[in-house]
Amino acid sequence: MNLLKILQENRLLKTPQEIKLFEETLEKIAKYPKDDNLKELHLILDDNCEHPDVMFSLVHFLEDFDLQKQIPAFIEVIPQLMIAAPEWTKIIHYRIMNDESACKLYHNTLELANQKTPHFLYQLLLESVKNHLNSPSY
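What counts as what
- Residues numbered from 1 in each chain as written.
- Predicted model: local features only at pLDDT ≥ 70, side-chain atom pairs only at ≥ 80, totals over all residues.
- Heavy atoms only, no water.
- Bend = angle between axes of the 7 residues up to and from the residue.
- Helix = DSSP H or I, 4+ residues; strand = E, 2+ residues; numbered from the N terminus.
- Buried < 20%, exposed > 50% of the residue type's maximum accessible area, 1.4 Å probe, protein only.
- Contact = heavy atoms within 4.5 Å.
- Polar contact = N/O pair within 3.5 Å; in protein donor to acceptor, adjacent residues only side chain to side chain.
- Expected span 1.5 Å × (residues − 1).
- Arc of directions from axis to C-beta.
- Axes fitted to C-alpha atoms, helices over the stretch in contact; angles between N-to-C directions.
- Parallel < 35°, antiparallel > 145°, perpendicular 65-115°, else oblique.
- Nonpolar A, V, L, I, M, F, W, Y, C, P; charged D, E, K, R; others polar.

### Description of helix α5 (residues 67-84)
Argument step 1. In α5, a bend of some 65° at Ile-78 exceeds every other bend along the element, and Pro-79, a proline, comes one to four places later.
Argument step 2. Taken together, the buried positions of α5 are Gln-70, Ile-71, Ala-73, Phe-74, Ile-75, Val-77, Ile-78 and Leu-81.
Argument step 3. Summarising the contacts, the buried residues of α5 are in contact with α3 (38-42), α4 (52-63), α6 (86-97), α7 (100-116) and α8 (120-133).
Argument step 4. Where α5 begins, the side chain of Asp-66 points an oxygen toward the backbone nitrogen of Gln-68, at a separation of 2.8 Å.

Here it is as structure tokens:
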């Protein structure tokens, strides 16, 4: 069976069995991570999951990917991700902004995405990143 499909089917983490399957499947995927799966992996995030601590393991896994691959994949799925996972979207957004090099790449990639496919979400996130980059802490 497709490992991404197993994650998707068990993402709500309602039962001990779903949690076990989710964790085991993520572990299998982590052994052979593929950049091609980044968009699909982001879309597994769901604000309705019952065990955010388990779902956070997916966030950590996503952060292990090269920023040059992870950030564009995240940006591309933001419009979809905001539907099922607005809280997870915010978490990833703020985690990216808390890393200086990631934040700069995020800013540049958001600008390009907004030029290529204008979207109000991209514009809002871009303003947030610009404000952050212009703050005294940077």
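### Some points on α8
Argument step 1. With 14 residues, α8 should reach 20 Å at 1.5 Å per residue; the first-to-last C-alpha distance of 20 Å fits that figure.
Argument step 2. Of all the positions in α8, only Leu-121, Tyr-122, Leu-125, Leu-126, Val-129 and His-132 are classed as buried. For α8, the arc enclosing every buried residue in end-on projection is 130°, short of the 170-degree limit, so these residues lie on one face. Exposed side chains of α8 directed beyond 90 degrees from the buried face belong to Phe-120, Leu-124 and Asn-131.
Argument step 3. The elements touched by buried residues of α8 are α5, α6 and α7.

### So, the packing of helix α2 (residues 16-31) against α4
Argument step 1. Running from N to C, α2 and α4 cross one another at 10°; their axes reach a closest spacing of 10 Å. When the axis of α2 is compared with that of α4, the two are roughly parallel. Seen from α2, the contacting residues are Ile-19, Phe-22, Glu-23, Leu-26, Ile-29 and Ala-30; seen from α4, they are Val-54, Met-55, Ser-57, Leu-58 and Phe-61.
Argument step 2. Within the contact of α2 with α4, the residues separate by chemical class into nine nonpolar, one polar and one charged.

### Looking at the side chain of His-132
Argument step 1. Mapped onto the secondary structure, His-132 falls in helix α8.
Argument step 2. Given a relative accessible area of 19%, His-132 falls into the buried group.
Argument step 3. Polar contacts involving the side chain of His-132 include one to the main-chain carbonyl oxygen of Met-97, which spans 2.9 Å.

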